[in-house]
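# Observations on the three-dimensional arrangement
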Amino acid sequence: MQSINTISLVQRYWQVYIQPGAFCIDATAGRGHDTERLCRLAGPNGRVLAFDIQQEAVAATKERLAKAGLSAEVLKASHADMAEYAAPDSVDAIVFNLGYLPGGDHHLATQPKTTIRAIDSGLTLLKEGGIMTLCIYHGGDSGFAERDAVLDHLRTLDHHRYTVLVSDFFNRSNHPPIAVLIIKEKN
């Protein structure tokens, strides 16, 4: 059996909530791993948007999808601007990996202000019953301020509208990433 980690945990949520034909957003495309998985879950009748502000990430994601024979709309744009590309109450799933591009410049990382703006924007885009997942990478040289700001913000979400589940690998060392699941409740 595979050892559980932050990525495998959020991917289990995706498998439960994302059905063929879904509309998904990868808010932080990075190297395209999540974008590829979302494309596979949404299937040929689904739609996937992927955002990243770094050209290196956009190129890597497009290359990965091309090699896999998959397609998505990969945009060089901030996740904070995702509402320009999707209508309110239209998205089934939105995923974030916070931190910096794997193998990239550690000085170019997601920031609390734009991440919180993106989360709030994304919550308006989610359909009722839709999900948002966050992998909060916060150790080493980046992310503690973002971790604290995001978690503080999530505590303020209306519990009648959203269920927020935070999973911390409590007995692991070296600041393991935190997994977050947000479900937009049905009225």
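A brief look at the structure comes next. (Residues numbered from 1 in each chain as written. Predicted model: local features only at pLDDT ≥ 70, side-chain atom pairs only at ≥ 80, totals over all residues. Heavy atoms only, no water.)

### Notes on the pairing of strand 3 (residues 73-76)
Test applied: By this definition, two strands are paired if DSSP reports at least two bridges between them. Helix and strand assignments come from DSSP, with helices taken as H or I runs of at least 4 residues and strands as E runs of at least 2, each series counted from the N terminus.
Where strand 2 (residues 47-52) and strand 3 come together, four bridges link them in parallel fashion. Along strand 3, the bridge assignment pairs Phe51 with Leu75.

### A few points about helix 3 (residues 55-68)
Because an α-helix completes one turn every 3.6 residues, residues spaced three or four positions apart along the sequence face the same direction. Our working definition: For a helix, the expected span equals 1.5 Å multiplied by the residue count minus one. When accessible area is computed with a 1.4 Å probe and restricted to protein chains, residues below 20% of their type maximum are described as buried, those above 50% as exposed, and intermediate ones as partly exposed. Arc, as used here, means the arc of the directions from the helix axis to the C-beta atoms. It only takes one pair of heavy atoms within 4.5 Å for two residues to be counted as in contact.
Taking 1.5 Å of rise per residue, 14 residues should cover 20 Å, and helix 3 covers 20 Å from first to last C-alpha, within 8% of that figure. All of the buried residues in helix 3 are Ala57, Val58, Ala60, Thr61 and Leu65. Projected down its long axis, helix 3 carries its buried residues within an arc of 165 degrees, all on one side. Seen from the open side of helix 3, the exposed residues pointing more than 90 degrees away from its buried face are Ala66 and Lys67. Among the structural elements, helix 2 (33-42), strand 2 and strand 3 are those in contact with the buried residues of helix 3. Just downstream of helix 3, Gly69 is the residue with a positive phi angle, here 70 degrees.

### A word on the environment of Val180
Secondary-structure assignment places Val180 in strand 7 (residues 178-184). By relative accessible area, Val180 is classed as buried at 0%. Counting along the chain gives 171 residues from Val180 to Leu9, while the straight-line C-alpha distance between them is 9.4 Å. Those residues in contact with Val180, other than ones at most four positions away along the chain, are Val10, Met132, Thr133, Leu134, Ile136, Leu154, Val164, Leu165 and Val166.

### A look at the packing of helix 1 (residues 6-17) against helix 2
This is how it is decided: Note on geometry: axes are C-alpha line fits, over the in-contact stretch for helices, and angles between N-to-C directions span 0 to 180 degrees. When an angle is under 35 degrees it counts as roughly parallel; over 145 it counts as roughly antiparallel; between 65 and 115 it counts as roughly perpendicular; any other value is oblique. Take the far helix as the reference: if the near one is turned anticlockwise from it by less than a right angle, the crossing is left-handed, and if turned clockwise, right-handed. Classification used: nonpolar for Ala, Val, Leu, Ile, Met, Phe, Trp, Tyr, Cys and Pro, charged for Asp, Glu, Lys and Arg, polar for all others including Gly.
At their nearest, the axes of helix 1 and helix 2 sit 10 Å apart, and the two run at 20 degrees to each other. As summarised for this structure, helix 1 and helix 2 are arranged roughly parallel, according to the angle between their axes. Here helix 1 runs over helix 2; the crossing is right-handed. Along its contact with helix 1, which presents Gln11, Trp14 and Gln15, the element helix 2 presents Asp34, Arg37, Leu38 and Leu41. Its residues placed into classes, the contact of helix 1 with helix 2 shows three nonpolar, two polar and two charged.

### Some thoughts on the packing of aromatic side chains
We count it as follows: Any Phe, Tyr or Trp ring, taking Trp's six-membered ring, that has another such ring centre within 6.5 Å forms a pair; planes under 30 degrees apart are called stacked, those over 60 apart edge-to-face, and the others tilted. Counting as a charge over the ring demands two things of the Lys NZ or Arg CZ atom: a distance within 6 Å of the ring centre and an angle within 35 degrees of the ring normal.
Within the structure shown, the criterion is met by one aromatic pair. Between Phe51 and Tyr85, the aromatic rings sit 5.4 Å apart at their centres with planes inclined by 65 degrees, giving edge-to-face as the arrangement. Taken as a pair, Phe51 in strand 2 and Tyr85 in the loop between strand 3 and strand 4 (91-98) lie far apart in primary sequence, 34 residues in all. Residue classification places Tyr85 among the partly exposed positions, given a relative accessible area of 33%. Its guanidinium or amino end placed over the ring of Tyr162, Arg161 lies 5.9 Å from that ring's centre, counting from NZ or CZ.

### Some thoughts on unusual backbone geometry
The backbone phi angle of Asp89 is positive, close to 60 degrees, even though this residue is not glycine. Turning to its location among the elements, Asp89 is positioned in the loop between strand 3 and strand 4.

### Things to note about the sheet that holds strand 5 (residues 126-136)
Reading across the sheet, the seven strands line up as 3-2-1-4-5-7-6 and stay open at both edges, with mixed pairing between neighbours. In the strand order of this sheet, the two ends are held by strand 3 and strand 6 (162-167), each with one partner. Along the sheet, successive strands turn relative to each other by an average axial angle of 15 degrees, direction set aside. When strand 6 meets strand 7, the two strands line up antiparallel, connected through six bridges.

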